[in-house]
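Residues per chain are reported as follows:
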Amino acid sequence: WTYRIWVEEVLGSQRRGDSFVLRPAIPADWPGFKLSYRQGKNLYEISVERTEESPRVEMDGQIVPNGEIPLANDGIVRKIVVYLPQLAHEPSDRLK
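Residues numbered from 1 in each chain as written. Predicted model: local features only at pLDDT ≥ 70, side-chain atom pairs only at ≥ 80, totals over all residues. Heavy atoms only, no water.

## Structural notes on the pairing of strand β3 (residues 32-39)
- Taken together, the eight bridges between β3 and strand β4 (residues 42-51) define a ladder with antiparallel strand orientation. The partner of Lys 34 across the bridge, within β4, is Ser 47.
- Here β3 folds back onto β4, and the loop between the two strands holds two residues, one of which, Gly 40, carries a positive phi near 65°. (Pairing = 2+ DSSP bridges. Helix = DSSP H or I, 4+ residues; strand = E, 2+ residues; numbered from the N terminus.)

## Some points on unusual backbone geometry
- In this structure, Asp 60 is a non-glycine residue whose phi angle is positive, near 50°.
- Non-glycine residue Asn 66 carries a positive phi angle of around 60°.
- Here Asn 66 is to be found in the loop between β6 (62-63) and β7 (68-70).

## Here's the deal with the sheet that holds strand β8 (residues 77-85)
- Pairing is mixed across the open sheet formed by five strands, whose spatial order is β3-β4-β8-β5-β6. Unpaired on one side and paired on the other, β3 and β6 mark the two borders of the sheet.
- Where strand β5 (residues 56-59) lies against β6, two bridges are found, and the strand directions are antiparallel. The partner of Glu 58 across the bridge, within β6, is Ile 63.

So this is what it looks like as structure tokens:
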């Protein structure tokens, strides 16, 4: 169950029929992360990055409407980039 919490809640991966969405809920001081996801014959190379531009999801360089990434079984490696907004965070008081 710990694995499922990390995948679904922190990394934000949820399957929806023949697509999946990524809506990560990572700490403000995380710059992002990378992961590989295999579904059938396809491999999805996923990168989550912070940006000062508009948040969005891209697959193979194209913006994905509603952030829903279509799943296929055609043996193609897909490059997914999820751009998250930069978050301002206060310096930690724990170090004082």
